Amino acid sequence: MSKRVLTTESGAPVADNQNSATAGVGGPLLLQDQHLLEKLARFNRERIPERVVHARGSGAYGYFEVTDDVTAYTKANFLGEVGKRTETFIRFSTVADSLGGADAVRDPRGFALKFYTEEGNYDLVGNNTPVFFIKDPIKFPDFIHSQKRDPFTGRQEPDNVWDFWAHSPEATHQITWLFGDRGIPASYRHMNGFGSHTYQWTNEAGEAFFVKYHFKTNQGIRSLSAEQAAELVGKDANSHQTDLLQAIERGVNPSWTLYVQIMPAAEAADYRFNPFDLTKVWPHADYPLQRVGRLVLDRNPDNVFAEVEQAAFSPNNFVPGIGPSPDKMLQGRLFAYADAHRYRLGVNHTQLPVNAPKATAADNYGRDGFMATRNGSRHDKNYEPNSYQGPAQTDAALSAPLAIHGWTGTHEAPQHAKDDDFFQAGELYRLMSEDEKKRLVANIAGSLSQVSREDVIEKNIAHFAAADADYGKRVREAVEALRED
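Definitions and cut-offs
- Residues numbered from 1 in each chain as written.
- Predicted model: local features only at pLDDT ≥ 70, side-chain atom pairs only at ≥ 80, totals over all residues.
- Heavy atoms only, no water.
- Helix = DSSP H or I, 4+ residues; strand = E, 2+ residues; numbered from the N terminus.
- Rg over C-alpha atoms; globule rule 2.2 N^0.38 Å.
- Buried < 20%, exposed > 50% of the residue type's maximum accessible area, 1.4 Å probe, protein only.
- Contact = heavy atoms within 4.5 Å.
- Areas by Shrake-Rupley, 256 points an atom, 1.4 Å probe, with all protein chains shown as cover.
- Lys, Arg positive; Asp, Glu negative; His and termini not counted.
- Charge placed at Lys NZ, Arg CZ, Asp CG, Glu CD.
- Salt bridge = Lys/Arg side-chain N within 4 Å of Asp/Glu carboxyl O.
- Axes fitted to C-alpha atoms, helices over the stretch in contact; angles between N-to-C directions.
- Nonpolar A, V, L, I, M, F, W, Y, C, P; charged D, E, K, R; others polar.
- Pairing = 2+ DSSP bridges.

(A) Quick look at the overall build of the chain. A count of helical and extended segments in the chain gives twelve helices and twelve strands. Its C-alpha radius of gyration of 23 Å places the chain within 12% of the 23 Å reference for a compact globule of 485 residues. Principal axes of the C-alpha set define a box for the chain whose edges measure 80 × 60 × 45 Å. Buried residues in the chain amount to 52% of all 485 residues. In the chain, the proportion of contacts linking residues at least 24 apart, taken out of those at least 6 apart, comes to 76%. With an accessible surface of roughly 22,400 Å², the chain has 52% of that area assigned to carbon and sulfur atoms. For the chain, the distance from the average site of its 52 positive side-chain charges to the average site of its 64 negative ones is 3 Å.

(B) Summary view of the pattern of salt bridges. The tally for this structure, following the rule as stated, stands at 29 salt bridges. For E309, the salt bridge goes to R51, with nearest N and O atoms at 3.6 Å. Of this pair, E309 sits in helix α7 (residues 304-309) while R51 sits in the loop between α1 (34-44) and β2 (57-66); the two residues are 258 residues apart in sequence, bridging distant segments of the chain. As far as the burial class goes, E309 and R51 line up, both buried. Linking K84 and E118 is a salt bridge whose minimum nitrogen-to-oxygen distance equals 3.3 Å.

(C) Main features of the packing of helix α2 (residues 140-147) against helix α3 (residues 158-166). As a packed pair, α2 and α3 sit with axes 7 Å apart at the nearest point and diverge in direction by 145°. Counting all contacts with α2, which are made through D142, F143, S146 and Q147, the residues of α3 involved are N160, V161, F164 and W165. Considering only residue class, the contact of α2 with α3 consists of four nonpolar, three polar and one charged.

(D) Just the side chain of Q147, in detail. Assignment of secondary structure puts Q147 in helix α2. Ignoring sequence-local partners within four residues, the contact set of Q147 consists of A96, Q156, V161 and W165.

(E) Looking closely at the pairing of strand β3 (residues 85-94). Of all ten residues in β3, eight are buried, a share of seventy percent or more. Direction of pairing for β3 relative to strand β4 (residues 109-117): antiparallel, over a ladder of seven bridges. When the bridges of β4 are listed, F89 appears paired with K114.

Put into structure tokens, the structure is as follows:
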């Protein structure tokens, strides 16, 4: 039998379906990568009208208050003065299930935060884990397809889930997070949040730093075992929504302390791990946490549809002093998120109250389209430059430029001294107590043992063994015991 050739929508053969095209090894993505853009754009249009991912969510308003001076690292106005407060809106969510799914399930949680700053809205779109399953956005549609309901059976299939992971060893670190004790938070209030990606900060002098965001819950970490979660889902499928709503209504306002890790840009090239790899963390011993401020939630939305379902977060919503890094997954999301919202909510979704700027006003030449509410008057021109005092560019860059070099094309991520797919997963496993290891292994085995293909089981066990020999041995024994029953 001849091997089937993967093609684009137009039938052209695909040369590389694992790596996006970049400007040199480790450089930013290229707009000319038609295969990447086609995959992401088509993927964003697969479901209507709910989100393809992060469909089930809850939200709240609050404020962010600066507690520590970080002006040496960023010129962002909302971070420019100790004591300064900025209004915020946050949306928590599960990732894989549909809008009608349950809250207390084993799944990463979205942690999307909108800052209504005086320089425009800044969106920080992260998760409750510091890493993710993949490192290149070209694999994202395939990853989500493997996790969502199978088109034939109509349910999530362990065969699909673990088959993808068997061919994606970089997922081992995140799998270890997901099946560990923090895989099912007790509530949205009792989990941490992370920017996950690497971002760039730029100060007034034009100096660049790479940063990672960590929101540490002030309520303390609380999680559920698989048994506790199953019982809770049976009682209240909306448990996390119920908890967040009721806590704020009775004045118990949840809060998080924001810390950042800061890396001078010049240190990125020689760091022992690729600092732009979403499957890796920066150990705190290398770059300690530095406190920035606190996030407080103090008001529930009046209308869940208008303010939670129509909330749109886009990682490309930056403000002066904050910008992107060469993180491939972030680069892909800069396009995909805004494109998803234009499809799902319409081209004028930024004019909806929850998405519109609050501390400033949008002023540009965008016109018309479905449900437009801001079209200008007879005195406003819809082009630029013009002679009619219309809005004009500032000539001030939001962030520092990124140096690039090398040849265009699809490249694997650059290798740093300690880069592999398993080292950090093993480090995480070795940090766990004996009881935590037992629960982790039991959770993985409970899912992996349902897979029908022995080769898929063996490939995944090999990944755990590569992270830590004891880790792999325990998973193997637990899976074999369950399959013998």
